[in-house]
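What follows is each chain in one-letter form.
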Amino acid sequence: MSRQASDDELDVLLARVRRATAGDAPPALRTVLRVGLAEPRTSGVTRALSLATLSVFALILGAFVAPLFAVTLATVWWILPIAGAAWIVVRAPS
Amino acid sequence: MAEAERLVDEHYLEVYRLALRLLRDRERAIDLTQEVFYRAIRGLPRFRGESTPRTWLYRITLNEARRRRRRPATVRLEAAATQADPTALTAEAALGHLDAERLHALITRLPLREREAIVLHYLQGLDVKETAATLGAPENTVKTWLFRGRARLREQWGAER
């Protein structure tokens, strides 16, 4: 048969919990918090601008750079094996 | 910046203790304290002084703790107790700490509002008015939560013995 704690007993127990959790914070915590204040915070505007910049770069890369590279490669692809062959001939011992 | 530093200096310890009392885990309490001050400093320009800084910080702590409580807590009260009183424990004191640990575990299993009211009032030492302001509830409602929380704790304390 279990017995409920009385009000007085509960008060004593609550005071114990309070004491047991009233210890000091780790000494480094305050320092960490203060250092955190000095760090530059990223504002919403900065984040939005960063995102916008990233998007513009992605668009430029996708719309211009990648097709240009593909066209160039398709046009002059034959230069690569010729250049390779020439290099081998030049470097080969006579 | 000076205002932010003052906020940290004056309140970091009580915020840390509230976090520890809500989460029962030192590491998570440290993490929560950092998050609270990060949010507080960011929100400082919008703080209009309608409540005290302490009430405001406690509200941020409660909100963030609610968000984090979905993860299970580990019991680390002994570590906090040892830090609070580094002297060697007598057998009686050790039993007292075990009781405290058990009751703390019961508190963290209370329904949300009762748990927060009990922690703020009995552990953090706020009076009913401050507790009500922090929880954003009428004083009579807070008294009801405290009453129900106490009744539940008394009952569960007996049931587990």
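Residues numbered from 1 in each chain as written. Chains lettered and ligands numbered in written order. Predicted model: local features only at pLDDT ≥ 70, side-chain atom pairs only at ≥ 80, totals over all residues. Heavy atoms only, no water.

Colleague: Looking at this structure, how should I read the pattern of salt bridges?
Modeller: When charged atoms on two side chains of opposite charge get close, those side chains can pair. The tally for this structure, following the rule as stated, stands at 18 salt bridges over all chains. B:Arg154 is paired through a salt bridge with A:Asp7; the nearest N and O atoms lie 3.3 Å apart. Of the two residues, B:Arg154 is situated in helix 8 (residues 139-159) and A:Asp7 in helix 1 (residues 7-20); the pairing between them involves two chains. Across the pair A:Arg16 and B:Asp99 runs a salt bridge, and its minimum N-O distance is 3.2 Å. Linking A:Arg16 in helix 1 with B:Asp99 in helix 5 (residues 91-108), this pair reaches from one chain into another. Judged by its relative accessible area of 28%, A:Arg16 is partly exposed. Each of the salt bridges in this network shares a partner with another, and the network as a whole consists of B:Asp31, B:Glu35, B:Arg39, B:Glu64, B:Arg67 and B:Arg68. (Salt bridge = Lys/Arg side-chain N within 4 Å of Asp/Glu carboxyl O. Helix = DSSP H or I, 4+ residues; strand = E, 2+ residues; numbered from the N terminus. Buried < 20%, exposed > 50% of the residue type's maximum accessible area, 1.4 Å probe, protein only.)

Colleague: Is there a simple way to explain the interface of chain A and chain B in this structure?
Modeller: Many authors give the size of an interface as the accessible area that is lost as the parts come together. Counting residues at the interface gives 29 residues for chain A and 42 residues for chain B. Of the roughly 3400 Å² buried between chain A and chain B on both sides combined, carbon and sulfur atoms contribute 66%. Two residues, A:Arg30 and B:Asp9, come together in a salt bridge whose shortest N-O distance is 3.0 Å. Our count for the contact surface shared by chain A and chain B stands at 14 residue pairs in polar contact (both at pLDDT 80 or more). (Contact = heavy atoms within 4.5 Å. Buried area = accessible area lost by both parts, 1.4 Å probe. Polar contact = N/O pair within 3.5 Å; in protein donor to acceptor, adjacent residues only side chain to side chain.)

Colleague: Would you mind showing me how to read the packing of aromatic side chains here?
Modeller: Each aromatic ring pair is specified by the distance between its two centres and by the angle formed by the two planes. Residues and elements named next belong to chain B. What the rule picks out here adds up to 1 aromatic pair over all chains. Centre to centre, the rings of Phe47 and Trp56 are 4.4 Å apart; their planes meet at 20 degrees, and the pair counts as stacked. Of the residues examined, Phe47 reaches a relative accessible area of 22% and is grouped as partly exposed. (Phe/Tyr/Trp six-rings, centres within 6.5 Å; stacked < 30°, edge-to-face > 60°.)

Colleague: Mind showing me how you'd approach the nonpolar core here?
Modeller: Considering soluble globular proteins, one finds that nonpolar side chains tend to be buried as a cluster. Of all hydrophobic cores here, the largest spans 55 residues; its most connected members are B:Leu7, B:Phe37, B:Leu57, B:Leu103, B:Ile107, B:Val142 and B:Leu153. With 11 residues, helix 1 (residues 2-23) of chain B is the single largest residue contributor to this core. Among residues more than four places away in sequence, those in contact with B:Phe37 are A:Leu33, B:Leu7, B:Val8, B:His11, B:Tyr12, B:Val15 and B:Leu57. (Core = buried A, V, L, I, M, F, W, Y, C linked by side-chain atoms within 4.5 Å.)

Colleague: Explain the layout of surface pockets here, please?
Modeller: Here the idea is plain: a probe the size of a water molecule rolls over the atoms and shows the empty space left. Residues and elements named next belong to chain B. In this model, the second largest pocket occupies a volume close to 180 Å³. Lining the second largest pocket we find Arg39, Gly43, Arg46, Phe47, Arg48, Glu50, Ser51, Trp56 and Ile60. Sorting the residues of the lining of the second largest pocket by element identifies helix 2 (26-43) and helix 3 (53-68) as the ones contributing at least two each. Grouping the constituent residues of the lining of the second largest pocket by class yields 3 nonpolar, 2 polar and 4 charged. (1 Å grid on protein atoms, 1.4 Å probe; cavity = no way out; pocket = protein on both sides within 12 Å on 5 of 7 lines; lining within 4 Å. Points joined across faces, edges and corners; volume = space filled by probe spheres on them. Nonpolar A, V, L, I, M, F, W, Y, C, P; charged D, E, K, R; others polar.)

Colleague: Whenever I open this one, helix 8 of chain B confuses me. Can you help?
Modeller: Count 3.6 residues to each turn of an α-helix, and residues three or four apart come out pointing the same way. With 21 residues, helix 8 of chain B extends 30 Å from end C-alpha to end C-alpha; this agrees with the ideal 30 Å at 1.5 Å per step. Every buried residue of helix 8 of chain B is accounted for by B:Val142, B:Trp145, B:Leu146, B:Gly149, B:Arg150, B:Leu153, B:Arg154, B:Trp157 and B:Gly158. (Expected span 1.5 Å × (residues − 1).)

Colleague: Quick question: what am I supposed to make of the side chain of B:Arg28 here?
Modeller: All names here are of chain B. Take Arg28: it is sitting in helix 2. One buried charged side chain, Arg28, makes no salt bridge at all; its nearest oppositely charged neighbour is Asp25, positioned 5.1 Å away. At a separation of 3.2 Å, a polar atom in the side chain of Arg28 contacts the main-chain carbonyl oxygen of Arg68. (Lys, Arg positive; Asp, Glu negative; His and termini not counted.)

Colleague: What exactly am I supposed to notice about a nonpolar patch on the surface here?
Modeller: Residues and elements named next belong to chain A. Residues Val56, Ile60, Leu61, Phe64 and Val65 make up a contiguous nonpolar surface patch of roughly 470 Å² in combined accessible area. Positionally, Leu61 belongs in helix 3 (residues 44-76). Assessed through its relative accessible area of 51%, Leu61 is described here as exposed. (Patch = residues over 30% accessible without salt bridge, like charges linked within 9 Å, V, L, I, M, F, W, Y side chains within 5 Å. Areas by Shrake-Rupley, 256 points an atom, 1.4 Å probe, with all protein chains shown as cover.)

Colleague: Explain the confidence of the model for chain B to me, please; I cannot follow it from the model alone.
Modeller: For residues with low pLDDT, the predicted coordinates do not support detailed interpretation. Residue and element names in this part refer to chain B. Per-residue confidence for chain B gives a mean pLDDT of 85; residues scoring 70 or more make up 84%. Low pLDDT, under 50, characterises residues 77-82; the predicted model gives this stretch 12 contacts beyond four residues in sequence or across chains. Predicted complex metrics record ipTM = 0.80 and pTM = 0.69. (pLDDT = per-residue confidence, 0-100.)

Colleague: Explain helix 1 of chain B here, please?
Modeller: Residue and element names in this part refer to chain B. Along its 22 residues, helix 1 runs 30 Å from first to last C-alpha, staying within 8% of the 32 Å computed at 1.5 Å per residue. Along its length, helix 1 shows its largest kink, about 55 degrees, at His11. Downstream of helix 1 by one or two residues, Arg24 has phi in the positive range, about 60 degrees. (Bend = angle between axes of the 7 residues up to and from the residue.)

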